[in-house]
Amino acid sequence: MIPYLLRKLMYGLAVMLGVVFVVFFLFNILPVDPARMTQGQRADVQSLQAVRKEFGLDKPVPVQFAYYLNDLSPLGIHLNTADEQQRYGYVKLFPVSKSKVLALKWPYLRRSYQTRKDVASLLMEVIPNTLVLAAAAMIFAIIIGVFLGVASAVNKDTWIDKLAISFSTLGISAPSFFAGIIIAWIFGFVLSNYTHLNMSGSLYSYDPFKGEVITLKNLVLPVITLGLRPLAIIVQLTRNAMLDVLGQDYIRTAKAKGLSNRTIIYRHALKNAMNPVITAIANWFASLLAGSFFVEYIFGYNGLGKATVDALEMSDFPVVMGSILFIAFIFVVISILVDVIYVWIDPRVKLS
């Protein structure tokens, strides 16, 4: 298992390096001057040059990329000064020259062009909100999706099966941003007197007497919107996998032994039908973080997606790049975890 994990980690590292390369050069070939965006169109030449020097934008692109890799790497070469150590929070390992040291640190995502705050700090303020939204949407999709998938397979070719398939097809066909607009308008505006739900709102809201409080009702519409597509996929995967498993010899043997349908379905069939479902769940959880961008923007939900779209509108590229790298990292980690879970659940899967 250890060599297998090390091999997967090397693959993951290669993927992250590829993402860093693409993201960096993508945002450096755009015809946008961040210094001009932060200082305004009437800024003088000296102010623009000072901003470019502050963020290292005055150097050639290959040099900027080398510095960016050094900032992101857990092992980096940095100046042996108090200011440098405070900025990066590094731990000295050993000197490489009179003024520089090899240091151990957390990846440094640099500072926002607009607020001058560390990107990591800005993202950590909104990431928990997005994780709560994604987890709630995934739980909603799993519970409803597995239930409908099992019900559809057990009642094949009945009205229950046809209804589940129709619902699944509709869910797959509707893009999240379109479904979000429709759901927000119907349940947050037209029927708001009955649902008591808002068209926009975040996980935390301000109460004049209690201060900042958790407002769970603001999660309802974004969770339904974000969970619709993974729910539809889970319904179809569960149905197909269950139909395949229910036709196996050991299921017929279990029926011949007189086991109840409930025991056969949930203890024997469902467990062996979960492999493709687990893959879909893992992949969709990572996708929900990316898919939450426009959903959060539509519902005014203060999360990673809304912060990224806002930063993109202001050409605050360090924030955008940091959020993309975070999502890519989540994809890689989840992919490795899925492979490990596969081996744990199904001993037939080889460590290759």
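Residues numbered from 1 in each chain as written. Predicted model: local features only at pLDDT ≥ 70, side-chain atom pairs only at ≥ 80, totals over all residues. Heavy atoms only, no water.

Looking at an unreviewed UniProt entry, the protein carries the name Peptide/nickel transport system permease protein, with the source organism given as Mucilaginibacter gossypii. Recorded in UniProt under Sequence similarities (unreviewed entry), the annotation for the protein is "Belongs to the binding-protein-dependent transport system permease family." Here is the UniProt Subcellular location (unreviewed entry) comment for the protein, exactly as written: "Cell membrane". (UniProt positions renumbered as here; feature names shortened; annotations may be inferred.)

Chemist: Looking at this structure, how should I read the overall build of the protein?
Modeler: Of the regular secondary structure elements, the protein holds 15 helices and 5 strands. The principal-axis extents of the C-alpha atoms in the protein amount to approximately 80 × 60 × 40 Å. Within the protein, the fraction of its 352 residues that count as buried is 40%. Long-range pairs, those at least 24 residues apart, make up 66% of the contacts in the protein between residues at least 6 apart in sequence. Approximately 20100 Å² of the protein is accessible, and the part contributed by carbon and sulfur atoms is 66%. Taking the 31 positively charged and 21 negatively charged side chains of the protein as two groups, their mean positions are separated by 7 Å. (Helix = DSSP H or I, 4+ residues; strand = E, 2+ residues; numbered from the N terminus. Buried < 20%, exposed > 50% of the residue type's maximum accessible area, 1.4 Å probe, protein only. Contact = heavy atoms within 4.5 Å. Areas by Shrake-Rupley, 256 points an atom, 1.4 Å probe, with all protein chains shown as cover. Lys, Arg positive; Asp, Glu negative; His and termini not counted. Charge placed at Lys NZ, Arg CZ, Asp CG, Glu CD.)

Chemist: Would you mind showing me how to read the layout of surface pockets here?
Modeler: Once rolled over the atoms, a probe with the size of a water molecule shows which space is left empty. Quantified by volume, the largest pocket comes out at close to 1100 Å³. Lining of the largest pocket is provided by 32 residues; of these, Met16, Leu72, Pro107, Leu109 and Phe329 occupy positions nearest its centre. Listed by contribution, the elements that provide at least two residues to the lining of the largest pocket are α1 (2-28), α4 (61-72), α5 (82-88), α6 (119-154) and α15 (317-345). Of the residues assigned to the lining of the largest pocket, the class counts are 24 nonpolar, 4 polar and 4 charged. Formed jointly, the lining of the largest pocket draws a minimum of three residues from each of two domains, domain 1 (73-107) and domain 2 (117-343). (1 Å grid on protein atoms, 1.4 Å probe; cavity = no way out; pocket = protein on both sides within 12 Å on 5 of 7 lines; lining within 4 Å. Points joined across faces, edges and corners; volume = space filled by probe spheres on them. Nonpolar A, V, L, I, M, F, W, Y, C, P; charged D, E, K, R; others polar. Domains from an automatic or database assignment.)

Chemist: Just checking my understanding: could you explain the sheet that holds strand β2 (residues 91-95) for this structure?
Modeler: Two modes of strand pairing occur in sheets, parallel and antiparallel, and in both the strands are linked by backbone hydrogen bonds. Strands sit in the order β1-β3-β2 across an open sheet of 3 strands; the sheet is antiparallel. Single-partner strands in this sheet number two, and they are β1 (75-79) and β2. Between one strand and the next, the sheet's axes are offset by a mean angle of 40 degrees, whatever the strand orientation. As paired elements, β2 and strand β3 (residues 100-104) share 4 bridges and run antiparallel to each other. (Pairing = 2+ DSSP bridges. Axes fitted to C-alpha atoms, helices over the stretch in contact; angles between N-to-C directions.)

Chemist: Even after reading the chapter, I still don't get the packing of aromatic side chains, so can you show me in this structure?
Modeler: Think of a pair of aromatic rings as described by two things: how far the centres are apart, and how the planes are tilted against each other in angle. Under the criterion given, the structure shown has 9 aromatic pairs. Seen in terms of ring centroids, Phe27 and Phe317 are 5.2 Å apart; in terms of plane orientation they differ by 45 degrees. Their pairing is tilted. Here Phe27, found in helix α1, pairs with Phe317, found in helix α15; they are 290 residues apart in sequence, far enough to count as distant. Like Phe27, the residue Phe317 is buried in the burial classification. Sitting over the face of the ring of Tyr67, Lys59 holds its NZ or CZ atom 5.7 Å from the ring centroid. (Phe/Tyr/Trp six-rings, centres within 6.5 Å; stacked < 30°, edge-to-face > 60°. Lys NZ or Arg CZ within 6 Å of the ring centre and 35° of its normal.)

Chemist: Hey, could you run me through empty space enclosed by the protein in this one?
Modeler: Throughout the structure, instances matching the rule amount to 1 cavity of 30 Å³ or more. Residue lining of the largest cavity: Leu197, Asn198, Met199, Ser200, Gly201, Lys217, Asn218, Leu221, Pro222 and Phe299, and that is the complete set. Per element, the largest residue contribution to the lining of the largest cavity is 4 residues, and it comes from helix α10 (residues 217-246). Residues that form the lining of the largest cavity fall into these classes: 5 nonpolar, 4 polar and 1 charged.

Chemist: Which parts of the structure should I look at to understand a nonpolar patch on the surface?
Modeler: A cluster of nonpolar side chains, namely Leu75, Ile77, Val91, Leu93, Phe94, Val96 and Leu104, defines an oily patch on the protein surface of about 620 Å² accessible area. The element best represented in the nonpolar patch is β2, accounting for 3 residues. With respect to the helices and strands, the residue Phe94 is situated in strand β2. (Patch = residues over 30% accessible without salt bridge, like charges linked within 9 Å, V, L, I, M, F, W, Y side chains within 5 Å. Salt bridge = Lys/Arg side-chain N within 4 Å of Asp/Glu carboxyl O.)

Chemist: Would you mind going over the environment of Leu197 with me for this structure?
Modeler: Positionally, Leu197 belongs in the loop between α9 (192-195) and β4 (204-207). Looking at Leu197, the relative accessible area reads 13%, which means it is buried. As a C-alpha pair, Leu197 and Asn218 span 21 residues in sequence and 7.0 Å in three-dimensional space. Once residues lying within four places of it in the same chain are set aside, the contact partners of Leu197 are Phe187, Gly188, Ser192, Lys217, Val220 and Leu221.

Chemist: Is there a simple way to think about the nonpolar core in this case?
Modeler: Soluble, globular proteins show a tendency: their nonpolar side chains are buried together. Residues Tyr68, Leu123, Ile234, Met242 and Met321 are the most contacted members of the largest nonpolar core, which totals 75 residues. Counting residues per element, this core draws most heavily on α6, which supplies 13 residues. When near neighbours in sequence (up to four residues on either side) are disregarded, Met242 contacts Val150, Ala153, Ile265, Ala269, Leu270 and Ala273. Within the second largest apolar cluster, 5 residues are counted, among which are Tyr88, Tyr90, Val101 and Tyr108. (Core = buried A, V, L, I, M, F, W, Y, C linked by side-chain atoms within 4.5 Å.)

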